[in-house]
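Residues per chain, in single letters:
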Amino acid sequence: PVAVPGVVLAALAGLPLGVVLGPEAPLMALGGGLALLAVRSARRAEQPQLVAVLGTAGAAAAISTIFGSPLVAAVMLIEAAGLGGPQLIALILPSLLAGGVGALVFTGFGHWTGLAIGALSLPQVPKSGVPDAGDFLWGVPLAVAIAVVCVAGQTVGRRVKTLTTTGTARQTALRTVLCAVAVGGCLAAYALLTGRSPEEAALSGQATLGTLAADPAAWPVGALLALVLCKGLGWSIALGSLRGGPIFPAILLGAALGTACAPLPGFGAAPALAVGLAASGAAVTGLPVTSTVLAAALLGGEAANSMPLLIVATVAAFITAEALRGRPKREAAPAGRTEDAGVS
């Protein structure tokens, strides 16, 4: 902290007068120094690790200001810190190469036409504006509510799994069939309650998500809540009995619940959808950075203005989900694990 005034004076004297240097280092030092000013020197001496944490946090805030994106700051600090060391590089480089080469199959190469795939995408999304107080006032509680819904669904799924896997093979087969019938009953209930097609609540929800994002105003609030209830219950049952991925349905549930809250005063369709996408992804996967990137990719060009709200919603949902699960540290799961499989 003692060096902060000198850093500021040197930056103000040098950078505006043509020094061939960027503002990154001075602003990082300024951010770290100001963060450390919030802690007394005695405590800093007793806890050296606190200096590193607060200094890095302050530097991240400065980087966010420079590049206009908190996500850039997070990714940059991860790479700069070299988390994982050589093992991380050994994993990332082959993965990047394989992903790039594999993408040619779908994008095309020269005169070769790419193959169409059913990737999760939103061809059309509501126009977003600059975030305001109303977006955060409603967005944070909404993210918490979405996390509660997702964790509740996973909890029910684990109990259903215990039910279906306990007993003989014949009992497991019978109970699995009964679970499938129950899922069908949830879809039928949605159609009866809303008068809409049960297809909206069936399968992964990718098609429904695209329809919802393209025209949120066409969905009555009652239909959205019925979708969350019926599809959410069906998803919960399927998690513990059938096979598939849990993420796509959860994202639709988050988007539907968010869109249902869009008419709240000071809110809107664009921020509500953004919160729904980010919060549901973070709650169900436990991967906040990945969830933010996914939500930003789905929103496309509209993600620029929504990025601060996306990150706040992701963090709120992630913390809520971890608190509800009561796990201080998440356990890594193999890529092929299907214990928490869902409708896909």
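Before reading on, note that the structure itself is shown above.
Scanning the protein from N- to C-terminus turns up 14 helices and zero strands. Going residue by residue from the N terminus, the α and β elements of the protein occur as α-α-α-α-α-α-α-α-α-α-α-α-α-α. The proportion of buried residues among the 344 residues of the protein is 38%. Pairs at least 24 apart in sequence give 71% of the contacts found in the protein among residues at least 6 apart. About 18,400 Å² of surface is accessible on the protein, with carbon and sulfur atoms providing 70% of the total.

Our next topic: a nonpolar patch on the surface. A surface patch of nonpolar side chains, about 200 Å² in accessible area, is lined by Ile247, Phe248 and Leu294. Along the chain, the position of Leu294 falls in helix α13 (residues 288-299).

Turning to the side chain of Thr259, a few remarks are in order. One can find Thr259 in helix α11 (residues 247-260). Take Thr259: its relative accessible area is 7%, and that puts it in the buried class. Those residues in contact with Thr259 that lie beyond four places of it in its chain are Leu212, Pro216, Leu224 and Ala272.

With that out of the way, let us pick up the packing of aromatic side chains. For any two aromatic rings, the description comes down to two numbers: the centre-to-centre distance and the angle of the planes. Under the criterion given, the structure shown has zero aromatic pairs. Between the NZ or CZ atom of Arg196 and the centre of the ring of Trp219, over which it lies, the distance is 4.1 Å.

The contact between helix α12 (residues 269-285) and α13 brings their axes to 8 Å, and the two run at 145°. Between α12 and α13 lies a crossing of right-handed hand. Between α12, through Leu273, Ala274, Leu277, Ala278, Gly281, Ala282 and Thr285, and α13, the contact on the second element is made entirely by Pro288, Ser291, Ala295, Leu298 and Leu299.

What follows covers helix α9 (residues 206-214). Among all positions in α9, only Thr208, Leu209, Gly210, Leu212 and Ala213 are buried. Buried residues along α9 sit in contact with α10 (221-239), α11 and α12.

Moving on, we come to the nonpolar core. Ranked by internal contacts, the top residues of the largest apolar core, which has 55 residues, are Leu277, Leu299 and Leu310. Looking at this core, the elements with two or more residues in it are α7 (133-165), α8 (169-194), α9, α10, α11, α12, α13 and α14 (303-325). Element by element, the count of residues in this core is highest for α12, at 10 residues. When sequence neighbours within four positions are dropped, the list of residues in contact with Leu310 reads Ala274, Ala278, Thr292, Ala295, Ala296 and Leu299. Counting residues in each nonpolar core, the second largest holds six residues, with Cys179, Val183, Cys186 and Ala238 among its members.

Within the secondary structure, Trp235 is located in helix α10. Look at Trp235 and you get buried, because its relative accessible area is 1%. The sequence separation of Trp235 and Val156 amounts to 79 residues, and the corresponding C-alpha distance is 9.4 Å.

Think of an α-helix as turning once every 3.6 residues; residues three or four places apart then point the same way. Its 17 residues give α12 an end-to-end C-alpha distance of 24 Å, which sits within 8% of 24 Å, the value for a rise of 1.5 Å per residue. In terms of burial, α12 is largely enclosed, as 16 of its 17 residues are buried.

This brings us to the pattern of salt bridges. Using the criterion set out here, one finds two salt bridges in the structure. A salt bridge links Arg325 to Glu322; the shortest N-O distance between them is 3.2 Å. Here Arg325 pairs with Glu322, and both are found in helix α14, just three residues apart, close to one helical turn. We classify Glu322 as buried; its relative accessible area is 11%.

This next bit is on the packing of α7 against α12. For any two helices packed against each other, the geometry is given by the interaxial angle and the distance between the axes. In contact at an axis separation of 8 Å, α7 and α12 are set at 35° when each is read in the N-to-C sense. Along this stretch, α7 crosses α12, giving a crossing that reads as right-handed. Note on element contacts: α12 touches α7 through Pro271, Ala272, Val275, Gly276, Ala279, Ser280, Ala283 and Val284, opposite Asp135, Gly139, Leu142, Ala143, Ile146, Ala147, Cys150 and Gln154. Of the residues in the contact of α7 with α12, the class split is 11 nonpolar, four polar and one charged.

This brings us to the environment of Ile63. With respect to the helices and strands, the residue Ile63 is situated in helix α4 (residues 48-67). With a relative accessible area of 2%, Ile63 lands in the buried category. Separated by 40 residues in sequence, Ile63 and Pro23 have C-alpha atoms that sit 9.7 Å apart.

Let's shift gears to the state of the cysteines. Applying the stated criterion to the full structure yields zero disulfides. Left without a disulfide partner, Cys186 is nearest to the cysteine sulfur of Cys230, which lies 6.5 Å away. Owing to a relative accessible area of 8%, Cys186 belongs among the buried residues under this scheme. Exposure remark for Cys230: the relative accessible area of 6% places this residue in the buried category.

Conventions used here
- Residues numbered from 1 in each chain as written.
- Predicted model: local features only at pLDDT ≥ 70, side-chain atom pairs only at ≥ 80, totals over all residues.
- Heavy atoms only, no water.
- Helix = DSSP H or I, 4+ residues; strand = E, 2+ residues; numbered from the N terminus.
- Buried < 20%, exposed > 50% of the residue type's maximum accessible area, 1.4 Å probe, protein only.
- Contact = heavy atoms within 4.5 Å.
- Areas by Shrake-Rupley, 256 points an atom, 1.4 Å probe, with all protein chains shown as cover.
- Patch = residues over 30% accessible without salt bridge, like charges linked within 9 Å, V, L, I, M, F, W, Y side chains within 5 Å.
- Salt bridge = Lys/Arg side-chain N within 4 Å of Asp/Glu carboxyl O.
- Phe/Tyr/Trp six-rings, centres within 6.5 Å; stacked < 30°, edge-to-face > 60°.
- Lys NZ or Arg CZ within 6 Å of the ring centre and 35° of its normal.
- Axes fitted to C-alpha atoms, helices over the stretch in contact; angles between N-to-C directions.
- Left-handed = near helix turned anticlockwise from the far one by under 90°.
- Core = buried A, V, L, I, M, F, W, Y, C linked by side-chain atoms within 4.5 Å.
- Expected span 1.5 Å × (residues − 1).
- Nonpolar A, V, L, I, M, F, W, Y, C, P; charged D, E, K, R; others polar.
- Disulfide = S-S within 2.5 Å.

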